[in-house]
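# Report on the structure
Take a look at the letters that make up each chain.
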Amino acid sequence: EFLAAGRRLWEEVETGAEPSSGALAVQDKVRQGLDALQQAAAMVAQLDLFSENEELEEIASADLKYLLLPALLGALTLKQVDHSRRLEHLESARAHFWRFLKLCRSYGLGSFHLPPASPPGEEDAGSPSPGGPAATQPSLVAMASSRQAKIERYKQKKELENRLASMRSFVENGQADEDQIREFYILQIQKWINTGLEEIESIDQEMVILRSRGAAKQSSAPPHGTSRQVRAPLKPFILTRDAAQAKVFGAGYPGLPTMTVDDWYEQRRRQGVVSGQGVPQRTPGISDEELQKQQQEKKEEEDDEEALQKARNWDDWKDMHPRGYGNRQNM
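All of the points below concern the structure found in this document. This structure is a prediction, so every number in the text was calculated from the model and none was measured. (Residues numbered from 1 in each chain as written. Predicted model: local features only at pLDDT ≥ 70, side-chain atom pairs only at ≥ 80, totals over all residues. Heavy atoms only, no water.)

## A word on the overall build of the chain
- What the chain contains, in helices and strands, is 11 helices and zero strands.
- Ordering the α and β elements of the chain from the N terminus gives α-α-α-α-α-α-α-α-α-α-α.
- The burial tally for the chain puts 24% of its 331 residues in the buried class.
- Partitioning the intrachain contacts of the chain with sequence separation of at least 6 by distance along the chain shows that 62% fall at a separation of at least 24.
- In the structure as shown, the chain presents an accessible area of about 23,800 Å², 51% of it carried by carbon and sulfur atoms. (Helix = DSSP H or I, 4+ residues; strand = E, 2+ residues; numbered from the N terminus. Buried < 20%, exposed > 50% of the residue type's maximum accessible area, 1.4 Å probe, protein only. Contact = heavy atoms within 4.5 Å. Areas by Shrake-Rupley, 256 points an atom, 1.4 Å probe, with all protein chains shown as cover.)

See below:
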């Protein structure tokens, strides 16, 4: 009864119509399913139904379904949603799947490579790899073999699901004999073997990400007892072309500044940031173009031969070349 209740709750969570697995109703089903499966697992352990020294033929057909208890426990443990305890849930689910695979391997149910008992990198996290950084990178041969194994597992899983779908109605209606019931449970176990191998692989990858993220947070955190030096916030200032714009628009206008360049230089000079040398002096209310014209006229008044000759040449060139001369292709 506990096994049937736990399996039914797992199927409702797996095929439910809830938009998120973190919904309260879904998590209630997960907790109820885990409680039922844990009670069933405790009874199985108390009765010593399975032993690694036995053969598959020594197990009664009615007891084969209890081999699925660790796999169902691992699947429901992964459905728990608690970000603060995610790593703990992953470790627990991996332990359940590994016990299931180890038990199936001892009974000769399927030919597969048993994953290590602990996640890769956990037992030798503090020791450097003998081959250096290059040794940690998977080889192309290993990647190809892993991909081929995944393809084979996927094909086997689809074939097992089709066979189970054709036999389910006979077993549930009580029309199957003992051999068909035994075959039905063995097919279910083989299907969960493929699921367990896939889940352990994804769990190992997620645990590596979570551990690296935790290590990054610890390294970025400041040491205990030390605090960063608090820097006084700088007062924002705005630049304007002249003082008149500052008086008109003010500091609240988003597009134009409210401090002239001369005021900014004077303020920085008083603060000792810049020296007073090289600061351009200009008369308030005069724009850059007017200042440039004044300088040009001043040069011409001083009879600067070079400036006068350049101005005359420019006037002559404009007389000979009207506006738009030569620009015929880009009109």
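## Examining the nonpolar core
- Counting 49 residues, the largest nonpolar core has Phe100, Leu109, Trp192 and Ile193 as its most contacted members.
- Counting only elements with at least two residues in this core, the list comes to helix H1 (2-14), helix H2 (24-47), helix H3 (69-78), helix H4 (86-106), helix H6 (140-172) and helix H7 (178-220).
- The contacts of Trp192, once residues within four sequence positions are left out, are Arg7, Trp10, Leu68, Ala71, Leu72, Ala75, Phe97 and Phe100. (Core = buried A, V, L, I, M, F, W, Y, C linked by side-chain atoms within 4.5 Å.)

## With respect to the layout of surface pockets
- Counted as a void, the second largest pocket has a volume near 490 Å³.
- If you trace the second largest pocket, you find 20 residues lining it, with Leu3, Ala4, Arg7, Lys65 and Tyr185 closest to the centre.
- Elements represented by at least two residues in the lining of the second largest pocket include exactly H1, H2, H6 and H7.
- Here the element with the most residues in the lining of the second largest pocket is H1; it accounts for six residues.
- Grouping the constituent residues of the lining of the second largest pocket by class yields 12 nonpolar, one polar and seven charged. (1 Å grid on protein atoms, 1.4 Å probe; cavity = no way out; pocket = protein on both sides within 12 Å on 5 of 7 lines; lining within 4 Å. Points joined across faces, edges and corners; volume = space filled by probe spheres on them. Nonpolar A, V, L, I, M, F, W, Y, C, P; charged D, E, K, R; others polar.)

## Topic: H2
- Helix length check: H2 (24 residues) gives 35 Å between terminal C-alpha atoms against 34 Å at 1.5 Å per residue, within 8%.
- When we look at burial in H2, the residues that qualify are Val26, Gln27, Val30, Gly33, Leu34, Ala36, Leu37, Ala40 and Val44.
- Lining the buried residues of H2 we find H1 and H3.
- Immediately beyond the C-terminal end of H2, within one or two residues, lies Asp48, with a positive phi of roughly 55 degrees. (Expected span 1.5 Å × (residues − 1).)

## Here we look at the side chain of His96
- Tracing the sequence through the fold places His96 in helix H4.
- On the accessibility criterion, His96 (13% relative accessible area) is buried.
- A polar contact of 2.6 Å, which involves the side chain of His96, links it to the side chain of Arg99.
- Not counting residues within four places of it along the chain, the set of residues in contact with His96 comprises Pro70, Leu73, Gly74 and Thr77. (Polar contact = N/O pair within 3.5 Å; in protein donor to acceptor, adjacent residues only side chain to side chain.)

## Considering unusual backbone geometry
- Phi at Asp48 takes a positive value of approximately 55 degrees, unusual for a residue other than glycine.
- For Asp48, the location among the structural elements is in the loop between H2 and H3.

## Some points on the pattern of salt bridges
- Within this structure, the stated rule accounts for 13 salt bridges.
- A salt bridge links Glu11 to Arg7; its shortest N-O distance comes to 3.9 Å. With Glu11 and Arg7 both in helix H1 and four residues apart, the pair spans about one turn of that helix.
- Judged by its relative accessible area of 34%, Glu11 is partly exposed.
- Look at Arg7 and you get buried, because its relative accessible area is 19%.
- Between Arg85 and Glu88 there is a salt bridge whose closest N-O contact spans 2.9 Å.
- Residue Arg85 is classed as partly exposed on the basis of its relative accessible area of 38%.
- Assessed through its relative accessible area of 41%, Glu88 is described here as partly exposed.
- Through salt bridges that share partners, Arg8, Glu12 and Lys29 make up one connected network. (Salt bridge = Lys/Arg side-chain N within 4 Å of Asp/Glu carboxyl O.)

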